Amino acid sequence: MSDTKKNKPDAIDQDAILEYFLFLYKNQIGAPKKADTNIVCVERSVGNRKMTAYDLHVMQNEQARTRRITVGPIGEGTGSKSKCFFVIYDNKLVLKIPPVPITDFDKYIASIKKERGIVHRVHPRECIVPGISVILRKVHRFHKDAEMTTEAMESAYVELLKDNPEMQDYLKINGCFVFFMDLARYRFLADALSIFNASEKKLQDEVTRDYTILDDFGKFEGRYGMANANIGMELKGVYTDYEARVRKLMIQSGASLSILLYKAQEWFFTHLAGDLVQPKGPDLSEAFVVKLNELIAAIMYEHRPLVDEYRQMIQAFLQYKTFSKHKLHMEGVVANIIELLAWLKGKGVAFRDMKPDNLLVAGDPEKYPNFLAKPESFTIGLIDMETAVYFKSDDPAAIEQPPLGGTPFYATPLHLFKNKTLLAVFKDLQRALYLQDWFAAVAMIYASITGTFLFPHTAKKIILATRSIQKAVKNKQPVTEILANVSHAFWASALEEFAAKTKENKHKLNAIRVELAQPAHLLILDELTAENRRKDNLVKQLIARQAIFKNQKNRQQLYLGTPERLNQIIATLKTKENIDVPSLTAIETILAIKTDMARNTATHQLVQKNPSSMSAYQVMEILFYIVYHFMYKEKWVQS
């Protein structure tokens, strides 16, 4: 490896990872250091991920030794803090490259031990965290290591590396330590979610599944519905014109007309699917195929609106078909996402980088993906506890400071600020930490059902916020003021996107019914109660602060007043001259708080009454507004 790339984690790309595994393979087979080697790409886009398969070639004793490796990025394009790769080499591995290079062995081991400490907190929940034995077992085995516990094996390898520092190179890429995780027994939640939504390949398969469908309107209507029959009729007209023009082209080109009858339809639907006709056999010369593709492309362009309408119809058909097929799977995943929130809170752990690529599904591998339809048949586990923190402490100051940052599509402004700031602003550090996971859960539920991001524009606010914070700190702006400004911009965007996108997909979100397990059921009830308790204290403080109602009786009426009654009081006060504006503002704030409390009370009653028949739409609304009302303060204005 080049010395110029050493100690630079940004330089650890897919090529560097391939070079590392080539180095590992050479050592596994005992090849000389200077043995001739080669890396050959053999297949791209393996599976649902952007994976690429390679063959590693090593010359040993004048014989070529070869083995296969598959590599691809994880979370690419999501703005994740660490760079991660998924690797299949003997077994399924996750490689995490820390954003700040680690070159000190003791610091590297301490980081691994810290994550394992969090794992003990959430035991027996399935967790995948870094370990040095993941890689070292491939090059060095202990006597009877099959009988060793994971902890004992990790400790044994640590001692081995201390006694043999040169072996630490097995844990480094470009001179920096890399974290290795073993995913052999599980699947990413992201991979499970990918089966819920139709892919481009499915669209192509659907379009080309029956080349004769335009010959029978009953068949077309039976598959795509009466409402779309006109599309089939219009497309048949386009095909008739196409067939005449292709026949003419074949005569002009001297091609065999005998192949026209059974090939013309295939060519037409190949272009409808977005592909090109390929030269095959003596009857389809390359020169003829070029002219053929140009002709069909011209016809598709002439009828672009109809072609687009047809493809949109196919996409909608596939989405409906896929949604119906996987509806129970979606319901199982959503139910267990909520169950995971309850579990983590009960264990006193905030994960703080919750996203599909950081979660796994643990169930009977022989029954995947069918076990997703039954929440009790699987659990959602955790991958990589780097950002997690244990928050159960009577002394908030004793809660450890977790790493700052998160994945923008699933993060809130609170991910970017230190504990002392969160405590100063929100008073309740524990909620400030675990509600970060709740926001991510809302985004994941939406993604599970729709296959799209819930907060794409809001995610940009997180990216901009990081830069704004750095600039504001440099200018010595008060950190609480920075949090207010960042939150103002973030929540204005989040509210807008949440309302628009849930409305757009309300039919899907309402179709997914969520059966809340008792811990999840109690979790939501407790949060709603806690939120109203907090708001009740705010109302009392605001009543004491205002100067319009001074005697105890009037203040009690203000405290007990319904939103409707408060509206009447505010309307009357606004008709009076020389009204105390700060006091009027306080009463208007009380009205807003009382309105939120009334909604929370109604939601509490709904959850208590129907814990097993709520829709994903209702669950998302509950979670989102609990987070919003805690994390955003109405008094904040952008300065």
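The text that follows walks through the structure, step by step, so that each part is easy to find. (Residues numbered from 1 in each chain as written. Predicted model: local features only at pLDDT ≥ 70, side-chain atom pairs only at ≥ 80, totals over all residues. Heavy atoms only, no water.)

1. Side note on the overall build of the protein
(1) Moving on: A count of helical and extended segments in the protein gives 21 helices and 16 strands.
(2) Moving on: Referenced to the eigenvectors of the C-alpha coordinate spread, the extents of the protein come out at roughly 100 × 75 × 50 Å.
(3) Moving on: Taking all 639 residues of the protein together, 50% fall into the buried category.
(4) Moving on: As displayed, the protein offers around 31,100 Å² of accessible surface, 51% of which is attributable to carbon and sulfur atoms.
(5) Moving on: Between the averaged position of the 85 positive side-chain charges in the protein and that of its 73 negative side-chain charges there is a distance of 5 Å. (Helix = DSSP H or I, 4+ residues; strand = E, 2+ residues; numbered from the N terminus. Buried < 20%, exposed > 50% of the residue type's maximum accessible area, 1.4 Å probe, protein only. Areas by Shrake-Rupley, 256 points an atom, 1.4 Å probe, with all protein chains shown as cover. Lys, Arg positive; Asp, Glu negative; His and termini not counted. Charge placed at Lys NZ, Arg CZ, Asp CG, Glu CD.)

2. Considering the environment of D395
(1) Moving on: Structurally, the position occupied by D395 is in the loop between β14 (389–390) and α12 (419–426).
(2) Moving on: Its relative accessible area of 42% is what places D395 among the partly exposed residues.
(3) Moving on: Once the C-alpha coordinates of D395 and S111 are considered, the two residues, 284 residues apart in sequence, prove to be 24 Å apart.

3. Structural notes on the pairing of strand β4 (residues 83–89)
Remark: a regular strand shows side chains that alternate across the two faces of the sheet.
(1) Moving on: Most of β4 is tucked away: 5 of the 7 residues are buried.
(2) Moving on: Relative to strand β5 (residues 91–97), β4 runs antiparallel, the two sharing 7 bridges. Counted as the bridge partner of F86 is V94 from β5. (Pairing = 2+ DSSP bridges.)

4. Description of the sheet that holds strand β13 (residues 379–383)
By way of backbone hydrogen bonds, the strands of a sheet pair with one another, either parallel or antiparallel.
(1) Moving on: The strand order β6-β13-β12-β10 describes an open sheet built from 4 strands, whose pairing is mixed. The open sheet has two edge strands, β6 (127–128) and β10 (187–188), and neither has a second partner.
(2) Moving on: Pairing of β6 with β13, which is carried by 2 bridges, proceeds in the parallel orientation. Among the inter-strand pairings, C127 is bridged to a residue of β13, identified as L382.
(3) Moving on: Relative to β13, helix α11 (residues 304–347) is tilted by about 60°, and along the sheet it contacts β12 (359–362) and β13. (Contact = heavy atoms within 4.5 Å. Axes fitted to C-alpha atoms, helices over the stretch in contact; angles between N-to-C directions.)

5. Details of the nonpolar core
(1) Moving on: In terms of nonpolar packing, the biggest core is built from 99 residues, with I445 and W491 touching the most fellow members.
(2) Moving on: When residues of this core are assigned to their parent elements, the largest contribution, 15 residues, is made by helix α13 (residues 429–450).
(3) Moving on: Core analysis: the second largest hydrophobic core is formed by 46 residues, Y20, I29, L136 and F180 among them. (Core = buried A, V, L, I, M, F, W, Y, C linked by side-chain atoms within 4.5 Å.)

6. Overview of the packing of helix α15 (residues 479–504) against helix α21 (residues 616–631)
(1) Moving on: Across the interface, α15 lies against α21 with an axial gap of 12 Å and an inter-helix angle of 170°. The angle between α15 and α21 falls in the class roughly antiparallel. Across from W491, A494, L495, F498 and T502 in α15, the residues of α21 making contact are Y617, M620, E621, F624, Y625, V627, Y628 and M631. (Parallel < 35°, antiparallel > 145°, perpendicular 65-115°, else oblique.)

7. Concerning helix α14 (residues 456–474)
(1) Moving on: Taking 1.5 Å of rise per residue, the 19 residues of α14 would be expected to cover 27 Å, and the 28 Å separating its terminal C-alpha atoms lies within 8% of that figure.
(2) Moving on: Listing the buried residues of α14 in full gives T458, A459, I462, A465, I469 and A472.
(3) Moving on: Against α15 lie the buried residues of α14.
(4) Moving on: A positive backbone phi angle near 60° is found at K476, which sits one or two residues after α14. (Expected span 1.5 Å × (residues − 1).)

8. Description of α11
(1) Moving on: At H326, α11 shows its strongest bend, of approximately 60°.
(2) Moving on: Just downstream of α11, G348 is the residue with a positive phi angle, here 75°. (Bend = angle between axes of the 7 residues up to and from the residue.)

9. Some remarks on the pattern of salt bridges
(1) Moving on: For the coordinates displayed, the defined rule picks out 29 salt bridges.
(2) Moving on: Two residues, K138 and D90, come together in a salt bridge whose shortest N-O distance is 3.4 Å. With K138 in the loop between α3 (133–136) and α4 (150–163) and D90 in the loop between β4 and β5, the pair connects residues that are 48 residues apart, well separated along the chain.
(3) Moving on: The exposure class assigned to K138 is buried, which follows from its relative accessible area of 17%.
(4) Moving on: Classification of D90 as exposed rests on a relative accessible area of 52%.
(5) Moving on: R599 is the salt-bridge partner of D596, the closest N and O atoms lying 3.1 Å from each other. (Salt bridge = Lys/Arg side-chain N within 4 Å of Asp/Glu carboxyl O.)

10. Details of the sheet that holds strand β1 (residues 37–44)
(1) Moving on: Here we have 6 strands laid out as an open sheet, ordered β1-β2-β3-β4-β5-β9, and antiparallel in their pairing. In this open sheet, the two strands that pair with only one neighbour each are β1 and β9 (179–182). Shown here is a sheet whose adjacent strand axes are inclined to one another by a mean of 30°, direction ignored.
(2) Moving on: Both strand β3 (residues 63–74) and β4 contribute to a ladder of 5 bridges, which runs antiparallel.

11. Notes on a positive patch on the surface
(1) Moving on: A grouping of K202, R209, K321 and K325 is seen on the molecular surface, where their side chains present a positively charged patch.
(2) Moving on: Residue classification places K202 among the partly exposed positions, given a relative accessible area of 33%. (Patch = residues over 30% accessible without salt bridge, like charges linked within 9 Å, V, L, I, M, F, W, Y side chains within 5 Å.)

12. With respect to unusual backbone geometry
(1) Moving on: Following H123, the chain continues into P124 via a peptide bond in cis, with omega recorded as 10°.
(2) Moving on: Looking at the secondary structure, you find P124 in the loop between α2 (105–122) and β6.
(3) Moving on: Note that the residue after Y368, namely P369, is joined by a cis bond; omega there is 0°.
(4) Moving on: Along the chain, P369 falls in the loop between β12 and β13.
(5) Moving on: Residues other than glycine seldom take positive phi values, yet D90 does so here, at roughly 70°.
(6) Moving on: The backbone of K144 shows a phi angle near 60°, a positive value even though the residue is not glycine.
(7) Moving on: Mapped onto the elements of the fold, K144 is located in the loop between α3 and α4.

13. Section: the packing of aromatic side chains
(1) Moving on: One pass over the full model with this rule turns up 37 aromatic pairs.
(2) Moving on: On the numbers, 6.4 Å between centres and 75° between planes, the contact of Y410 with F453 is edge-to-face. Taken together, the residues span a long stretch of sequence, with Y410 in the loop between β14 and α12 and F453 in the loop between α13 and α14 at a distance of 43 residues.
(3) Moving on: Since its relative accessible area comes to 8%, Y410 is described here as buried.
(4) Moving on: Given the relative accessible area of 35%, F453 is considered partly exposed. (Phe/Tyr/Trp six-rings, centres within 6.5 Å; stacked < 30°, edge-to-face > 60°.)

14. Topic: the side chain of T270
(1) Moving on: Summarising the element assignment, T270 is placed in helix α9 (residues 260–272).
(2) Moving on: For T270, a relative accessible area of 14% corresponds to the buried category.
(3) Moving on: The residues contacting T270, other than those within four sequence positions of it, are T208, D275, L276 and V277.

15. Describing the side chain of S493
(1) Moving on: Tracing the chain through its elements places S493 in helix α15.
(2) Moving on: Apart from residues lying up to four places away in sequence, S493 is in contact with H457, T458 and K461.

16. Re the environment of Y186
(1) Moving on: Looking at where Y186 falls in the secondary structure, it is placed in the loop between β9 and β10.
(2) Moving on: Along the backbone, Y186 and G363 are 177 residues apart, and their C-alpha atoms lie at a distance of 8.0 Å.
(3) Moving on: Filtering out sequence-adjacent residues up to four positions away, Y186 remains in contact with K92, E126, I128, L360, V361 and A362.

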